[in-house]
Amino acid sequence: MTPCDKILREAVENKADIIGLSGLITPSLDEMIHVAKEMERLGMKLPLLIGGATTSKTHTAVKIAPRYSCPVVHVLDASRSVVVCAQLLDEDMKEEFFEEVTEEYEDIRQGHYDTLKDRRFLSLAQAREKGLHTDWLSHPKPVRPKFIGTRVFENYDLRRLMDYIDWKPFFDVWQLRGKYPNRGYPKIFKDKTVGQEAMKVFEDAQQLLNTVIESKRLWANGLVGFWPAQSVGDDIHLYAEDIMPRSSEPVAKFFGLRQQAEKDSSSSEPYYCLSDFVAPRQSGIPDYIGMFAVACFGAEELSREFEEQCDDYNSIMVKALADRLAEVGLVVAVFDAGCRVGLINI
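Residues numbered from 1 in each chain as written. Predicted model: local features only at pLDDT ≥ 70, side-chain atom pairs only at ≥ 80, totals over all residues. Heavy atoms only, no water.

1. Brief notes about the overall build of the chain
Step number 1: Scanning the chain from N- to C-terminus turns up eleven helices and eight strands.
Step number 2: Dimensions of the chain along its principal axes, counting C-alpha atoms only, are 75 × 55 × 45 Å.
Step number 3: Expressed as a percentage of the 346 residues in the chain, the buried residues total 40%.
Step number 4: Partitioning the contacts of the chain with sequence separation of at least 6, the portion at a separation of at least 24 is 71%. (Helix = DSSP H or I, 4+ residues; strand = E, 2+ residues; numbered from the N terminus. Buried < 20%, exposed > 50% of the residue type's maximum accessible area, 1.4 Å probe, protein only. Contact = heavy atoms within 4.5 Å.)

Structure below.
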């Protein structure tokens, strides 16, 4: 993500009329709130546009707009931003437009808070009593991984990853959304409105992918780790050594949150916590936990090169492709790790 101070500094130095933030990943939602707070703290008066695949009008109204006293507007897609910008920059229209948005967002906030008032919650003790209770002794014992600790898997074959890419979030980055029944990939290419543009962007993506793979400008590495683990109440304790009983001090603790929002009276579904799926320490059943991480490297440097060439299109394209490769790389890493440690048999 581009740092907040850089965004605001560039806006001031270039005498921007409007600041626009695009959220493509979940952490960017919190960063948008931070940017709005900083703009308020600095006394800025520029309108703030919010868009991107992870954003919504409700999130903008509830979380971002209250942090900034000047216009904050959620823009559904790039085509709509032209109309919004025109209204925000028109001296005769901007005040009325801002009032309309303010009233609309106040209604959205009130509606959001009203739904929260209607929710009922169990006490933590009640939720724990109605949690998932497993008879661990009557089930097969958890499989022991072939290694404990971490291992690195370097230089995944990107061509192999290409076959498993989920292209829908990629088209979301470009604000290309087909209408039912042509919403998903590859049906989006049949959409009368965005189909042709979606095909062009897709072909450009394939060409750039082949180029960066051949030149080895992008590469993906994965990290997998397995540790002995036992649940203790709502928490999960991790241990360095696979010795029973687990009497040593844990090397890490994951603190769990249990569901407490009251469910329908006809529902028999438990009030889950992640620790429910790990054998309790007092059960005497050895259990394990695995974690996986994959990153696609080289994207930042390559994107910066495109920016220096004033090629914003490919600068965004390479980041969008790296995001897709990292996601599918995680799935492949989990599968590969499962095969290598004996959790998956093929």
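2. Quick look at the nonpolar core
Step number 1: Counting residues in each nonpolar core, the largest one holds 39 residues, and the members touching the most others are Trp167 and Phe170.
Step number 2: Counting residues per element, the ones that place at least two in this core are α7 (158-162), α8 (168-173), α9 (195-214), β5 (219-232), α10 (299-308) and α11 (312-341).
Step number 3: Excluding residues within four positions of it along the chain, Phe170 makes contact with Val201, Ala205, Met317, Ala320, Leu321 and Arg324.
Step number 4: Grouped together as the second largest cluster of nonpolar side chains are 30 residues, Leu21, Cys70, Tyr105 and Ile108 included. (Core = buried A, V, L, I, M, F, W, Y, C linked by side-chain atoms within 4.5 Å.)

3. Here's the deal with a nonpolar patch on the surface
Step number 1: Among the surface-exposed residues, Met1, Leu24 and Ile25 lie close enough to one another that they form a single nonpolar patch of about 280 Å² accessible area.
Step number 2: Tracing the sequence through the fold places Ile25 in the loop between β1 (19-22) and α2 (27-41). (Patch = residues over 30% accessible without salt bridge, like charges linked within 9 Å, V, L, I, M, F, W, Y side chains within 5 Å. Areas by Shrake-Rupley, 256 points an atom, 1.4 Å probe, with all protein chains shown as cover. Salt bridge = Lys/Arg side-chain N within 4 Å of Asp/Glu carboxyl O.)

4. Some words on the layout of surface pockets
Step number 1: Each pocket or cavity is described by its volume, and for the largest pocket that value is around 1,900 Å³.
Step number 2: Of all elements in the fold, only α1 (4-13), β1, α2, β2 (48-51), α4 (78-89), β8 (287-297), α10 and α11 reach the threshold of two or more residues within the lining of the largest pocket.
Step number 3: The greatest single-element share of the lining of the largest pocket, amounting to eight residues, is contributed by α11.
Step number 4: Classifying every residue of the lining of the largest pocket gives 26 nonpolar, twelve polar and eleven charged.
Step number 5: One number sums up the size of the second largest pocket: a volume of about 270 Å³.
Step number 6: Taken together, 15 residues make up the lining of the second largest pocket; nearest its centre are Leu132, His133, Gly233, Asp276 and Pro280.
Step number 7: Looking at side-chain class alone, the lining of the second largest pocket contains five nonpolar, seven polar and three charged residues. (1 Å grid on protein atoms, 1.4 Å probe; cavity = no way out; pocket = protein on both sides within 12 Å on 5 of 7 lines; lining within 4 Å. Points joined across faces, edges and corners; volume = space filled by probe spheres on them. Nonpolar A, V, L, I, M, F, W, Y, C, P; charged D, E, K, R; others polar.)

5. Quick word on the pairing of β2
Step number 1: Neither face of β2 is left uncovered, since the one carrying Leu48 and Ile50 and the one carrying Leu49 and Gly51 both have all their residues buried.
Step number 2: For β1 and β2, the ladder comprises four bridges, and the chain directions are parallel. Counterpart to Ser22 in the pairing with β2 is Gly51.
Step number 3: One crossover worth recording links β1 to the parallel β2 by way of α2, and it is right-handed.
Step number 4: Across three bridges, the pairing between β2 and strand β3 (residues 72-74) is parallel. Bridging from a neighbouring strand, Leu49 pairs with Val73 of β3.
Step number 5: After leaving β2, the chain enters helix α3 (residues 57-64) and then returns to the sheet as β3, a path that is right-handed. (Pairing = 2+ DSSP bridges. Right-handed = clockwise from strand over helix to strand, strands pointing away.)

6. Digging into a positive patch on the surface
Step number 1: A contiguous patch of positive charge, built from Lys6, Arg9, Arg304 and Lys319, is present on the exposed surface.
Step number 2: Within the element layout of this structure, Arg9 appears in helix α1. (Lys, Arg positive; Asp, Glu negative; His and termini not counted. Charge placed at Lys NZ, Arg CZ, Asp CG, Glu CD.)

7. Some details on the environment of Gly284
Step number 1: Mapped onto the fold, Gly284 is located in the loop between β7 (252-255) and β8.
Step number 2: The class for Gly284 is partly exposed, based on a relative accessible area of 43%.

8. Points about the environment of Leu29
Step number 1: Topologically, Leu29 is positioned in helix α2.
Step number 2: Measuring from C-alpha to C-alpha, the distance between Leu29 and Thr60 comes to 9.1 Å, with 31 residues separating the pair along the chain.

9. Describing the sheet that holds β3
Step number 1: What the three strands build is an open sheet, ordered β1-β2-β3; its pairing is parallel. Because the sheet does not close on itself, it has two edges, and the strands there are β1 and β3. Ignoring which end each strand starts from, the neighbouring axes of this sheet average 20° apart.
Step number 2: Against the sheet, α3 engages β2 and β3, with an angle of about 160° to β3. (Axes fitted to C-alpha atoms, helices over the stretch in contact; angles between N-to-C directions.)

10. Things to note about a negative patch on the surface
Step number 1: The grouping of Glu95, Glu96, Glu99, Glu100, Glu103 and Asp107 at the surface amounts to a negative patch.
Step number 2: What makes Glu100 partly exposed here is its relative accessible area of 45%.

11. A look at the packing of aromatic side chains
Step number 1: Within the structure shown, the criterion is met by 15 aromatic pairs.
Step number 2: Here the aromatic residues Trp167, Phe170, Phe171, Trp174, Tyr185, Phe189, Phe202 and Tyr313 are joined through ring pairs into a cluster of three or more. (Phe/Tyr/Trp six-rings, centres within 6.5 Å; stacked < 30°, edge-to-face > 60°.)

12. Here we look at unusual backbone geometry
Step number 1: For the peptide bond that leads from Met244 to Pro245, omega is -5°, which places it in the cis range.
Step number 2: Looking at the element boundaries, Pro245 is found in the loop between β6 (235-238) and β7.
Step number 3: Positioned with a positive phi, Asn155 is a non-glycine residue whose angle comes to about 55°.
Step number 4: Turning to its location among the elements, Asn155 is positioned in the loop between β4 (149-153) and α7.
Step number 5: Asn155 sits in the exposed class, given a relative accessible area of 53%.

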